Amino acid sequence: MQKGAAVKVILIAIVVAAITTAIAIFLPWLPASDSKEGDRIDVAIWFVTGICILVWAVVAAIFLYSIVAFRARPDDDTDGPPIHGHTGLEITWTAIPFVLVTAIGILSAVILAKNGDTPKNALKVNVLGEQFAWNFTYPTYNNLQSTTLRLPINRTTKLEMTSRDVIHSFYVPQFRQKQDLLPGQTTTINVTPTKLGHYVIQCAELCGLGHAVMLGQVVVMTQASFDKWAHGSSTATQGGGAAAGKALFTNNGCASCHTFAPAGATGKIGPDLDKLPQYAQQAGKPLETFVRESIEDPSAYIQPGYPNVMPPFKNLPAQQIDQLVSFLTKGSS
Ligand code: CUA
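Attention here is on the structure that accompanies the text. Numbering of residues starts from 1 in every chain and runs along the sequence as written. Whole-chain, interface and lining totals are the exception, using all residues; otherwise, since this is a predicted model, local features are given only for residues with pLDDT of at least 70 and side-chain atom pairs are given and counted only at 80 or more. Derived side-chain values reflect all non-hydrogen atoms in the structure, with water molecules and hydrogen atoms excluded from consideration.

### Section: the layout of surface pockets
A probe matching the size of a water molecule, rolled over the atoms, marks out where space remains unfilled. Put simply, the largest pocket is a space of about 420 Å³. As for the largest pocket, its lining consists of Leu54, Val55, Val58, Val59, His86, Leu89, Thr92, Trp93, Ile96, Pro97 and Leu100. Sorting elements by how many residues they give to the lining of the largest pocket places helix 3 (residues 87-116) first, with six residues. Basically, the charged four are Asp, Glu, Lys and Arg, the nonpolar ten are Ala, Val, Leu, Ile, Met, Phe, Trp, Tyr, Cys and Pro, and anything else, Gly included, counts as polar. Of the residues belonging to the lining of the largest pocket, the class tally is nine nonpolar, two polar and no charged. Buriedness for pockets is judged along seven lines, at least five of which must meet protein on both sides within 12 Å for an open set on the 1 Å grid over protein atoms alone, while cavities are sets there where a 1.4 Å probe fits but cannot get out, and lining residues have an atom within 4 Å of a point. Grid points are joined across faces, edges and corners, and a volume is the space filled by probe spheres set on the points. We count a stretch as a helix when DSSP gives it H or I for four or more residues in a row; a strand needs E for two or more, and each element gets its number in order from the N terminus.

### So, the side chain of Ser35
Turning to its location among the elements, Ser35 is positioned in the loop between helix 1 (3-26) and helix 2 (36-69). Contacts are residue-level and defined by heavy atoms, with any inter-residue pair within 4.5 Å sufficient. Non-local contacts of Ser35, meaning those with residues more than four positions away in its chain, are made with Gln174, Phe175, Val191, Thr192, Pro193 and Thr194.

### A look at unusual backbone geometry
Going from Gln131 to Phe132, the amide bond is cis rather than trans, its omega being 0°. Residue placement: Phe132 occurs in the loop between strand 1 (123-130) and strand 2 (133-138). For Asn142, which is not a glycine, the phi torsion comes out positive at approximately 60°. Turning to its location among the elements, Asn142 is positioned in the loop between strand 2 and strand 3 (144-146). Phi at Arg176 takes a positive value of approximately 70°, unusual for a residue other than glycine. Using a relative accessible area of 12% as the deciding quantity, one classes Arg176 as buried. Between buried and exposed lies partly exposed: a residue is buried under 20% and exposed over 50% of the maximum accessible area for its type, with that area taken using a 1.4 Å probe on protein chains only.

### Here we look at empty space enclosed by the protein
Summed over the entire model, instances satisfying the criterion amount to one cavity of 30 Å³ or more. When its volume is computed, the largest cavity comes out at roughly 560 Å³. At the level of secondary structure, the elements contributing two or more residues to the lining of the largest cavity comprise helix 6 (276-283), helix 7 (287-296) and helix 8 (318-331). Of the residues assigned to the lining of the largest cavity, the class counts are 24 nonpolar, eight polar and one charged.

### Details of the sheet that holds strand 9 (residues 197-202)
At least two DSSP bridges between two strands are required for those strands to pair. With mixed pairing, the three strands of this open sheet are ordered in space as 4-10-9. With partners counted over all chains shown, the strands left at the sheet margins are strand 4 (148-152) and strand 9, one partner each. Along the sheet, successive strands turn relative to each other by an average axial angle of 25°, direction set aside. Strand direction decides the pairing type here: strand 4 and strand 10 (residues 215-221), joined by five bridges, are parallel. Bridge pairing in strand 10 links Leu149 to Val218. Only C-alpha atoms enter the line fits that serve as axes; for helices the fit covers just the stretch in contact. Angles between N-to-C directions range over 0 to 180 degrees.

### With respect to a nonpolar patch on the surface
Residues with no salt bridge and a relative accessible area higher than 30% make up the patches, which join like charges within 9 Å and nonpolar side chains (Val, Leu, Ile, Met, Phe, Trp, Tyr) within 5 Å. Surface exposure here means Shrake-Rupley accessible area, sampled with a 1.4 Å probe, where a residue is shielded only by the protein chains that are shown. Salt bridges are counted wherever a side-chain nitrogen of Lys or Arg sits within 4 Å of a carboxyl oxygen of Asp or Glu. On the surface, a nonpolar cluster with roughly 660 Å² of combined accessible area is contributed by Val15, Ile19, Ile23, Leu27, Trp29, Leu30 and Ile45. Of all the elements, helix 1 adds the most residues to the nonpolar patch, at three residues. With respect to the element layout, Ile45 can be found in helix 2.

### So, the pairing of strand 5 (residues 157-163)
Side chains Thr157, Leu159, Met161 and Ser163 project from strand 5 onto a buried face, and the interleaved Lys158, Glu160 and Thr162 project onto a face without burial. Pairing between strand 1 and strand 5: seven bridges, direction parallel. Bridge pairing in strand 5 links Leu123 to Thr157. Across five bridges, the pairing between strand 5 and strand 8 (residues 187-191) is antiparallel. By the bridge assignment, Lys158 is partnered in strand 8 with Asn190.

### With respect to the packing of helix 1 against helix 2
At a minimum axis separation of 8 Å, helix 1 and helix 2 run at an interaxial angle of 140°. Classified by the angle their axes make, helix 1 and helix 2 are oblique. For the pair helix 1 and helix 2, the crossing hand works out as right-handed. When helix 1 is examined against helix 2, the residues Ala5, Lys8, Val9, Ile12, Ala13, Val16, Ala17, Thr20, Thr21, Ala24 and Ile25 are found in contact with a partner set consisting of Trp46, Thr49, Ile53, Trp56, Ala57, Ala60, Ala61, Ile62, Leu64 and Tyr65. Residues that form the contact of helix 1 with helix 2 fall into these classes: 17 nonpolar, three polar and one charged. In these notes the angle categories are as follows: under 35 degrees is roughly parallel, over 145 is roughly antiparallel, 65 to 115 is roughly perpendicular, and the rest is oblique. Left-handed describes a crossing whose near helix is turned anticlockwise from the far helix by less than a right angle; the clockwise case is right-handed.

Right, here's the structure in full:
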């Protein structure tokens, strides 16, 4: 290659790299990272992006230079000179990717190991995914249940996750991590939020009709207000009556699929529970029997026009099923 050509190629590469770097930095690809684990993942993302920009700039520069400098005249039908092997070139284009990919592998392994390292004072939260809702249980707070994931700021929370039915995936873009929830298995991630605020959990695994609406909420709060909330609400579902029924209805994710006025629920995937008396009549069963059966074994009677996708809830404690049945029958009479 002549010296002039090399200079031109390098100049084109610099321009391409500058444009690509601007695209990487100034387009909003991801929201800012709001967790310690997310910050580490960003280091890996930028390391890989930097390598990509470098390789792309060199390839694009040689390509752009070649289509201008080596283009054929309109009346030129000859072939280019035949070229056989170039050991130096082959070693170079094997060695460079080998070094880059190995570096990416090592950096990623270190970051994954750090993110998986759970500190001793970590808060534990059990996460249950189901079609189509998120449930969170706090074992150290009297098994407090919540449909909102409440996390104290600057403290690591270990999420131990499983699924009631099919595969779901926990993803909060600001926390960067994405982890599947598998029926019959427990998967974990650590989250150490660094900013107060509200975040949305988006299920990131196609899990059925309601996948798109399988959204959850995360609230990052100060340790003081977290303690206040945790101690205050661990008794909420313990009482009786409509309040307990409503809490169960919400905590078990019923609202994401069903409409039910007494619970303020407006889901559209499953049958409208304000019409339960009418459905019971169609099924030819007394209302209470029908409602109980539909919770414990939903496919026993399928309301025409609705899909058979509801998971059975026969593992709920008997007292909770009683409370739910009473809430659903009294609320709709
Ligand atoms: Cu759960 Cu998609």
